[in-house]
Structures are given as C-alpha cells and as structure tokens.
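Below, each chain spelled out in residue letters.
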Amino acid sequence: MKTATSGDKIKTITTHYIDGTFVESHGRDVMNVIRPTDGQVIAHVTLADEEDTRRAITAAKRAFASFGRSTKEERANILRRLHEAASARVDDLTAAMIEEYGGVGQFSSLIVKSGINAFLAAEQALDEIPWTRSWDKTTVTLEPVGVAGLITAWNANALFICLKLASAVAAGCTVVIKPSELSSLQTRVLVEALHEAGLPKGVLNVVTGLGTVVGAELVRNPDVAKISFTGSVGVGESIMRDGAATMKRMTLELGGKSPTILLDDAVLDQAIPSALTMAFLNSGQACAAGTRLLVPKNRLDAVKQAIRGAMRAFTVGDPADPKTAVGPMVSQRQFERVQSYIRKGIEEGAEVLVGGEGHPEGFEAGYFVKPTVFVNVKNDMTIAQEEIFGPVLSVIAYDSDDEAIRIANDSKYGLHAAVIGTDLSRARRVASQLRAGRVVINSMTDDPQAPWGGFKYSGVGREYGQYGIEAFLEPKAILES
Ligand code: NAD
C-alpha cells in the first residue's frame, strides 16, 4: 500500500448523514480508501460506531411516526424528487465508481443510470399496488413494516442504495443505510445528491462503517423491523441467524454461479460474445455473472475457436478508458482470491484456454488479473461450484438439452441463468426448467418491474417493482362483525 503522490489530493470524510444533516462521526477509527489501479491511498474515511448507528436508528424511528402514515401521492412526490436530485450527479457518481473500485466506465455508467431509474420504477409500481382490498365486512390494507436497515455490497453500491431506498420509501418505511465500507466515496457523492431532494428529517440516514460494527447493530437493534441485505452467503447466513432474536423481516440478495446454456442451434458469432459479456460483467465481479458456460459436446471445438477469437475484445486496462472491458479487482484480497481459484482449477485438471495465473503484462502495479477461460471443466470441480467473483469462466460440455438443464441446476445457487439459441420455443422450454430467480434468453437484459432475487443459497425474497415494495409491507386485516 502506498500513499498517493504526484499532486493527488487525499480526500477526507468524517461525517455521517443522520436526521437530515451531515454530522461528525462519534466513531474514531479511520480507514484508508485504496485505488485498485495502482494500490495508492486516495482517501481517509472515519468509520461509524454503534453509537452513530443508534443515533441514526432513533432518527428513523422518530420519522416513521409520521412518514409511516404518509399517502401514496406524498411518497410518489418524494420518489420524483429523489430521482431529480440523483440525476444531477450522474457524472460525478460514475467517476467515483471508476476511481474507487476500478469499475469499467461503461458498466459504472449503466449501474448509476439503473440506480437513478429505480426511483421512477418504484413510483410506477407504487401506483399499481392494490393498497386496500375489501370484501364483505373485511378490509385488508398494506402497512409499512417500520424502520428498515439497508446493507449493501460494494460491487454496485450506488444501485443497491437507490433500489432499496426507492422500495422502502414507496412502502412508507424510514431507513438507515449501511453502505459497503469499500464504497465510501461514491456513497458520499450519492448522499450529497439525495440530500437535495429535501426529504422529511430522519426518513433517510446513512452511516458508513464496518459490517461487524454498524451492520451488526442494525441486525440486533429491536427498533429495526426489517433488514434488506446484498452481499455474500456467509454474511447473509449470520444476519439471518442474528436477526431471528428480534424477529427481523429479511430480504437477502446473495451470491451466484450462473449458468449460460448454449443450445446447439446457437449462432456462435453472436452467442459467444454475448456469453463472454455475461461472464465478464463488472470484470467478473457481479452476482449475476454467467460463469458456467454449458456447451453441446458436438460443437465444443468450434466454441473453443470462437472464444479464442472473441476474447481479443475483452481487453484489460485502465477502467476510465472507454475501450477497456476488464478493470482491476477491487482489492489485493480479491486479487489473491481469484489467483487461488485459477490455481485450484489447474490442480483439479481443468485446462486453461485463455488467461491463467498472474498479472497481465504491463499491469503489475494494481489488482489486475488475466480474464481466464477454462475448458474440460466438470461441474463438480471447485471452479464450477464456488463463486469466484472475478473474470474466470468455466466451459462445461453436455450431450443433450436434458443434461444441460441438470448441470445448470446442479448448484447450491439459483440467482440468474441464460439460454442462447435460435429456436425460441426450445429456448423457452429450457428456461422454464431452470431453478433461478431470473432467466434471460439470448442476451443480458433488464426490466425494473421484474423481480430480482435468488432460489436456494442465492437468497431470500425479491427486489424490483411491486415485489421489492411488498418486501417492506405487512398486510393488515380489519374485520367487522
Ligand atoms: P460481504 O458479504 O462481504 O459484505 C456485504 C455488506 O455486508 C457490506 O456492507 C459489509 O460491511 C456488511 N457486513 C459484513 N459483515 C456483516 C455483519 N456481520 N453484519 C451485518 N453486515 C455485515 O459482500 P461483498 O464482498 O460486499 O459483496 C460481494 C458479494 O455480494 C458476492 O457474494 C455477490 O454475489 C453478492 N452480491 C449479490 C447481489 C444480488 O443481488 N444477489 C448483488 C451484488 C453482490
């Protein structure tokens, strides 16, 4: 680790956002923010402690007393204001993502735009939800669950904050956000932007600190009714266990090992670039990355050749350069994790088609890895079963559509999947048999009203659209005799 030189000004953040204002941290621990392209320290961030967290929860609880009774028109108005406020800082937010975690420009800008769009998508969903249903002498209303703790992962932190905040606000909940500590710079830009929306005091609170300190306080505090978490399976398990003591409502958005099934009628010129784009999304650091490519045995040689050719477009480089497809890993730890999986793949008998261990030539300073494609992978190998969270693709051969479906589903995860083929009815038939929260046909696509979330270890509950708002609601029935 080095300290920034050459005239770079080191940023300092010492405040949290509590009760509608930026307040000095009670916690005193300071964390370095390290730029992944060269390992230099670019900022110092003072981390929140339990006391900061409790102050934020108290503010959110106070605000819930009135915001929890707001009308849907008032909440729709707030969502429009949040959208407008965040839109004003699109470029700053994108730049912060590129610098802070090495997110490549195109992906960072897409993530920021999806985040900002989440406010309008929630406004639309809010309008379509049946808030009250009555029959005979029974009336059912949907009520906000209470104060919500929103805990985010670093890899698309700005999107997760916007998405969770939009759904919570649409439902009438007040929030305490615990962003990833690896996302302090982008969080700061976003919170400055959201402050301009002029929300009622205490509806939005943001405390940056460690998961084991701020996150743990949110999970154990009896005044927090709901946790919406995006992150790893290990932390998700502990949150679910610890939250049980106060009967927390839970949404857990966890990891993935997503399959892409290439059907034997796929046109390789389009299918392979599409499959590689899904595999190397966010430099492979994406929960939905399609990191297992299932290929018909009789087309394996042609697929290998197509991959070698298409990989030339997946250039490693400076994430700020628009031509770069794969940037650095977020941290030294993540770099080492990816290296260890590449070694494991080789030890277990998989064959490196492209890439391999070590830094790419000319990129020794930062946390860059070689985008790597393994062939001769068996689905029970470690690299096919565990989430690597880096640009490492496993190609697995199959004999029939049924075998492809069986291999795709033979995973502890079930977040995302893709089917690529020419005959749409066949692709749909295969898609319908996959155990995953979302399946895309032919290329990565999004719909902010469609549910997002996982089967099995990929999580509990759903985000996006009405599904996301319902996760912050409790049905209440009033019955007259
Ligand atoms: P992580 O689990 O290490 O951290 C996620 C968040 O949890 C961070 O804010 C962290 O500070 C906090 N945390 C850590 N310990 C905690 C504790 N004991 N109590 C409460 N909070 C705690 O995950 P990460 O490295 O930030 O993100 C990568 C993981 O997130 C990958 O597994 C990826 O697949 C997953 N992810 C899932 C989705 C999805 O939508 N399903 C999206 C993005 C990332």
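Conventions we followed
Residues numbered from 1 in each chain as written. Predicted model: local features only at pLDDT ≥ 70, side-chain atom pairs only at ≥ 80, totals over all residues. Heavy atoms only, no water. Core = buried A, V, L, I, M, F, W, Y, C linked by side-chain atoms within 4.5 Å. Buried < 20%, exposed > 50% of the residue type's maximum accessible area, 1.4 Å probe, protein only. Helix = DSSP H or I, 4+ residues; strand = E, 2+ residues; numbered from the N terminus. Pairing = 2+ DSSP bridges. Axes fitted to C-alpha atoms, helices over the stretch in contact; angles between N-to-C directions. Expected span 1.5 Å × (residues − 1). Contact = heavy atoms within 4.5 Å. Patch = residues over 30% accessible without salt bridge, like charges linked within 9 Å, V, L, I, M, F, W, Y side chains within 5 Å. Areas by Shrake-Rupley, 256 points an atom, 1.4 Å probe, with all protein chains shown as cover. Salt bridge = Lys/Arg side-chain N within 4 Å of Asp/Glu carboxyl O. Lys, Arg positive; Asp, Glu negative; His and termini not counted. Charge placed at Lys NZ, Arg CZ, Asp CG, Glu CD. Disulfide = S-S within 2.5 Å. Polar contact = N/O pair within 3.5 Å; in protein donor to acceptor, adjacent residues only side chain to side chain. Near = heavy atom within 4 Å.

**Q** Mind showing me how you'd approach the nonpolar core here?
**A** Side chains of a nonpolar character, in soluble globular proteins, are inclined to be buried together. Ranked by internal contacts, the top residues of the largest apolar core, which has 69 residues, are Phe-119, Leu-204 and Ile-469. It is helix α5 (residues 157-171) that provides the largest number of residues to this core, a total of 12 residues. Counting 31 residues, the second-largest nonpolar core is a separate cluster that includes Leu-263, Met-329, Met-381 and Ala-404.

**Q** Hey, could you run me through the sheet that holds strand β7 (residues 132-135) in this one?
**A** Sheet architecture is open: 3 strands sit in the order β7-β8-β24, paired in antiparallel fashion. Where the open sheet ends on each side, the last strands, each with one partner, are β7 and β24 (473-479). On average, each strand axis in the sheet is inclined to that of its neighbour by 20°, with strand direction left out of account. The pairing of strand β8 (residues 138-144) with β24 spans 7 bridges and is classified as antiparallel. Bridging from a neighbouring strand, Thr-138 pairs with Leu-479 of β24.

**Q** How do you make sense of unusual backbone geometry when you look at a structure like this?
**A** What is expected of a backbone is that most residues other than glycine have negative phi and most peptide bonds are trans. Even without a glycine there, the phi angle at Asp-19 is positive, about 60°. Tracing the sequence through the fold places Asp-19 in the loop between β3 (15-18) and β4 (21-24). Even without glycine at this site, Asp-136 takes up a positive phi of about 45°. Examined against the element boundaries, Asp-136 turns out to sit in the loop between β7 and β8.

**Q** What exactly am I supposed to notice about helix α2 (residues 72-87) here?
**A** For the α-helix, the turn length of 3.6 residues means that residues three or four positions removed from each other point alike. In this model, α2 (16 residues) spans 22 Å end to end at C-alpha, consistent with the 22 Å of a helix rising 1.5 Å per residue. Every buried residue of α2 is accounted for by Arg-75, Ala-76, Ile-78, Leu-79, Leu-82, Ala-85 and Ala-86.

**Q** Just checking my understanding: could you explain the environment of Asn-409 for this structure?
**A** Relative to the helices and strands, Asn-409 is located in helix α13 (residues 401-409). As for Asn-409 and Ala-427, which are separated by 18 residues in sequence, their C-alpha atoms are 16 Å apart. When neighbours within four sequence positions are excluded, Asn-409 is seen to be in contact with Gln-433, Leu-434, Arg-435 and Lys-456.

**Q** Would you take a moment to explain a negative patch on the surface for this structure?
**A** Taken together, the side chains of Glu-347, Glu-348, Asp-380, Glu-386 and Asp-410 present a region of like negative charge at the surface. Looking at the secondary structure, you find Asp-410 in the loop between α13 and β19 (413-414).

**Q** I would appreciate a short explanation of the state of the cysteines in the present structure.
**A** Disulfides are covalent bonds that link the sulfur atoms of two cysteine residues. Evaluated as defined, the whole model comprises 0 disulfides. The cysteine Cys-162 is free of any disulfide, with Cys-287 supplying the nearest cysteine sulfur at 16 Å.

**Q** Help me understand the side chain of Asn-155, please; the structure alone is not making it clear to me.
**A** Within the element layout of this structure, Asn-155 appears in the loop between β9 (147-151) and α5. Polar side-chain contacts of Asn-155 include one of 3.0 Å to the backbone oxygen of Gln-285. Discounting chain neighbours no more than four positions away, the residues touching Asn-155 are Tyr-101, Phe-107, Phe-160, Asn-282, Gln-285, Ala-286, Cys-287 and Phe-389.

**Q** What is the right way to read the environment of Val-145 from this model?
**A** Along the chain, Val-145 falls in the loop between β8 and β9. In sequence terms Val-145 and Asp-38 are 107 residues apart; their C-alpha atoms lie 44 Å from each other. Leaving out residues up to four positions away in the same chain, Val-145 has contacts with Cys-173, Ala-225, Lys-226, Arg-249, Phe-472, Leu-473 and Glu-474.

**Q** Sorry if this is basic, but what is going on with the site of the ligand here?
**A** By nearness alone, 27 residues border the ligand, and Thr-152, Lys-178, Glu-181, Ser-232 and Glu-387 come closest of all. Note that an oxygen atom of the ligand is positioned 3.3 Å from one of the backbone N or O atoms of Gly-211. Note that an oxygen atom of the ligand is positioned 3.2 Å from one of the backbone N or O atoms of Gly-231. Its free accessible area being 850 Å², the ligand has 87% of it covered by the protein chains. Elements with a minimum of two residues in the shell around the ligand: α7 (211-220), β12 (226-230) and α8 (233-243). Per element, the largest residue contribution to the shell around the ligand is 3 residues, and it comes from α7.

**Q** Can you help me understand the sheet that holds strand β16 (residues 351-354) in this one?
**A** Hydrogen bonds between backbone atoms are what pair the strands of a sheet, whose relative direction is either parallel or antiparallel. Taken in spatial order, the 7 strands make up an open sheet running β16-β17-β18-β15-β14-β20-β21, and their pairing is mixed. The open sheet has two edge strands with one neighbour each: β16 and β21 (438-441). Mean inter-strand twist for the sheet, computed between neighbouring axes without regard to direction, equals 25°. As judged from the 3 bridges shared by strand β14 (residues 259-262) and strand β20 (residues 416-420), these two strands associate in the parallel manner. Pairing of Leu-262 across the sheet is with Ile-420, part of β20. Contacting β14, β15 (292-296), β16, β17 (372-375) and β18 (392-398), helix α10 (residues 300-310) runs over the sheet at an angle of about 50° to β16.

**Q** Teacher, can you tell me more about the environment of Val-147 here?
**A** You can see Val-147 is positioned in strand β9. Judged by its relative accessible area of 3%, Val-147 falls in the buried class. When the C-alpha positions of Val-147 and Gly-68 are compared, they lie 9.3 Å apart, and in sequence the two are 79 residues distant. Apart from residues no more than four positions distant in its own chain, Val-147 is found in contact with Ala-60, Lys-61, Thr-174, Asp-223, Val-224, Ala-225 and Lys-226.

**Q** How should the side chain of Ser-411 be read in this particular structure?
**A** Along the chain, the position of Ser-411 falls in the loop between α13 and β19. Ser-411 has contacts with Lys-257, Arg-292, Gln-385 and Lys-456, leaving out every residue within four places of it along the chain.

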